[in-house]
Amino acid sequence: MSDQTPAPATQPLLRPVRLGALELPNRVVMAPMTRARADNEGLVPTSLHATYYAQRAGAGLIVSEGTWVSTDAIGFIHVPGIYSDAQTAGWAEVTEAVHSAGGRIVSQIGHVGAVSHPDLQGGRLPAGPSAINPQEMSFTPDGPKDSVTPRALSGAEIAATIGTYRRAAANALRAGFDGLEIHAQASHLVAQFLNPRLNRRTDAYGGSSEKRAQFLLDVVDAVSDVWGGDRVAVKLSPYWNSGPAFTADAEALADYDQLLKKLGDSGLAYLHLLGPEPGTGTDDTFTAFTRYRAHYSGSVVANLGFTQASANELLERGLADAVSFGAPFIANPDLVERFTHRHPLATGDRDTYYGGGVEGYTDYPAVTGSRSPGVPSAASPVKRSPTSR
């Protein structure tokens, strides 16, 4: 848990906090959001990305959109990676812009595993922990397609994949990020290894909940060797429900309870945890974060569907140390200022969430009506992405 207890007159979201080695001036975190603006062959972040992130530098901490650790990791179009020198240079432009605006930013790195598609892998089958179709949706250049039965990763390929996380972590360090977050949520590769329906391995990475967690623990160790554990975080979604493979039943939640205890020994900067989706019939948000607190002793960043009021309540009750916001940051680059002065929030244009150019990305004004720094005076034409949802 955090080690600061500021004056009670300040709303909890606006109080400073320390998460590992990260000193935050407030507890409003910008959640990682796929925006699909790397519309170039090398999947390189551009000056448009730098403008977008710098506009939101008032956040206590920015978590970058999930970025690919290798070409094998790719699962959506127009999403940047962090495995090449060009991508690393592009991210350096982003971090410099954020730091110049007074902000802090960590890199989220990940791999979609079996949820990828041959159309994204040059015709090759994607790989997962076992040869079992996750029955999810892949977002290809030709639009959404059903996932296929993947090939199972060999032991040597698992070691090589962990190596790609390590190299991505080193690239993130070179690019000037303030820390690193491992994408281990939703239906992506780490979550596939944790899932007994998708992981039927009988080696060191399967056969029990402890062995299914070993892939994540090895990734944590690999990137911590680069960064130090107090600048590394993990994002998990224990209550994730998606298709037949991902169900937040009692067994799955019990496995996550044990994983949280194990991660408590890793000295992480924080654990980024999703609560349950409202209306799913599982635990409510406060019950879920009470459960998390019972099993994880470190700092927690809470995510999924929070308002200013519910976030302040969660923090006041000591169930998290910071709260991350996704969609509110899209249309409100000055979200912290709006929270501070209790201004109403603008609503984003969903048609531009997952692709395009300036429109719906960097052209949202601050509450004063003036444009944020670096916003062009006229929006460029929008190229709709096949991944728009």
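Keep in mind the model is a prediction, meaning the values are calculated, not measured. (Residues numbered from 1 in each chain as written. Predicted model: local features only at pLDDT ≥ 70, side-chain atom pairs only at ≥ 80, totals over all residues. Heavy atoms only, no water.)

### Some remarks on the overall build of the protein chain
- Across its full length, the protein chain carries 11 helices and 15 strands.
- The C-alpha atoms of the protein chain give 20 Å as radius of gyration, which agrees with the globular expectation for 389 residues (21 Å, within 12%).
- Taking the principal axes of the C-alpha coordinates as reference, the protein chain spans close to 60 × 45 × 40 Å.
- When each of the 389 residues of the protein chain is scored for burial, the buried share is 59%.
- Partitioning the intrachain contacts of the protein chain with sequence separation of at least 6 by distance along the chain shows that 68% fall at a separation of at least 24.
- Entry remark: accessible area of the protein chain is about 14,600 Å², with carbon and sulfur atoms responsible for 52%.
- Between the mean site of the 32 positive side-chain charges and the mean site of the 39 negative ones, the protein chain shows a separation of 1 Å. (Helix = DSSP H or I, 4+ residues; strand = E, 2+ residues; numbered from the N terminus. Rg over C-alpha atoms; globule rule 2.2 N^0.38 Å. Buried < 20%, exposed > 50% of the residue type's maximum accessible area, 1.4 Å probe, protein only. Contact = heavy atoms within 4.5 Å. Areas by Shrake-Rupley, 256 points an atom, 1.4 Å probe, with all protein chains shown as cover. Lys, Arg positive; Asp, Glu negative; His and termini not counted. Charge placed at Lys NZ, Arg CZ, Asp CG, Glu CD.)

### A word on the environment of Gly113
- Its place among the elements puts Gly113 in the loop between β6 (105-110) and β7 (127-128).
- Among the residues examined, Gly113 registers a relative accessible area of 1% and is labelled buried.
- When the C-alpha atoms of Gly113 and Leu153 are compared, they prove to be 9.5 Å apart, with 40 residues separating the residues in sequence.
- Sequence-distant contacts of Gly113, defined by excluding residues within four places in its chain, comprise Pro126, Ala127, Leu189 and Gln192.

### Examining the pairing of strand β14 (residues 300-303)
- Where burial is concerned, the two faces of β14 agree: the one with Val300 and Ala302 and the one with Val301 and Asn303 are both buried.
- Pairing of strand β13 (residues 270-274) with β14 involves 4 bridges; the strand directions are parallel. Across the sheet, residue Leu273 finds its bridge partner in β14, namely Ala302.
- Handedness of the β-α-β unit built from β14, helix α9 (residues 308-316) and strand β15 (residues 322-325) comes out right-handed. (Pairing = 2+ DSSP bridges. Right-handed = clockwise from strand over helix to strand, strands pointing away.)

### Considering the environment of Arg231
- Within the secondary structure, Arg231 is located in the loop between α6 (214-227) and β12 (232-236).
- Spatially, the C-alpha atoms of Arg231 and Leu268 are 6.9 Å apart, while their sequence positions differ by 37 residues.
- Non-local contacts of Arg231, meaning those with residues more than four positions away in its chain, are made with Ala21, Leu22, Asp178, Gly179, Leu180 and Ala269.

### Concerning the pattern of salt bridges
- Counted by the stated rule, this structure contains 15 salt bridges.
- Between Glu316 and Arg15 there is a salt bridge whose closest N-O contact spans 3.8 Å. With Glu316 in helix α9 and Arg15 in the segment before β1 (17-19), this pair connects stretches of sequence that are 301 residues apart.
- Put simply, Arg174 and Asp85 hold a salt bridge, and the shortest N to O gap is 3.2 Å. One end of the pair, Arg174, is in helix α3 (residues 155-174); the other, Asp85, is in helix α2 (residues 85-100), with 89 residues separating them in the sequence.
- Owing to a relative accessible area of 53%, Arg174 belongs among the exposed residues under this scheme. (Salt bridge = Lys/Arg side-chain N within 4 Å of Asp/Glu carboxyl O.)

### So, the side chain of Ser147
- By the secondary structure assignment, Ser147 is in the loop between β9 (143-146) and β10 (151-152).
- Classification of Ser147 as buried rests on a relative accessible area of 6%.
- At 2.7 Å, the side chain of Ser147 and the side chain of Asn133 are in polar contact.
- Setting aside residues no more than four positions away along its own chain, Ser147 makes contact with Ala114, Asn133, Pro134, Gln135, Glu136 and Ser138. (Polar contact = N/O pair within 3.5 Å; in protein donor to acceptor, adjacent residues only side chain to side chain.)

### Regarding the confidence of the model for the protein chain
- Of all residues in the protein chain, 92% have pLDDT values of 70 or greater, and the mean over the chain is 92.
- For residues 3-8, every residue scores under 50 in pLDDT, and the model assigns this stretch 11 contacts once sequence neighbours within four places are set aside.
- In the predicted structure, residues 369-389 sits below a pLDDT of 50 and forms 50 contacts with residues beyond four places in sequence or in another chain. (pLDDT = per-residue confidence, 0-100.)

### Topic: the pairing of strand β11 (residues 179-183)
- Among the 5 residues that make up β11, 5 are buried, leaving the element largely enclosed by the rest of the structure.
- Along β11, one buried face is formed by Gly179, Glu181 and His183 and the opposite face, lined by Leu180 and Ile182, is buried too.
- One ladder, built from 4 bridges, connects β6 with β11; its direction is parallel. Across the sheet, Val106 pairs through a bridge with Gly179, a residue of β11.
- Of the pairings in the sheet, the one linking β11 to β12 comprises 4 bridges and is parallel in character. Among the inter-strand pairings, Glu181 is bridged to a residue of β12, identified as Ala233.

### Let's talk about α9
- For α9, the set of buried residues is Gln308, Ser310, Ala311, Asn312, Leu314 and Leu315.
- Looking at the buried residues of α9, the elements they touch are α8 (285-295), β14, β15 and α11 (335-341).
- Backbone geometry just after α9 places Gly318 at a positive phi near 75 degrees.

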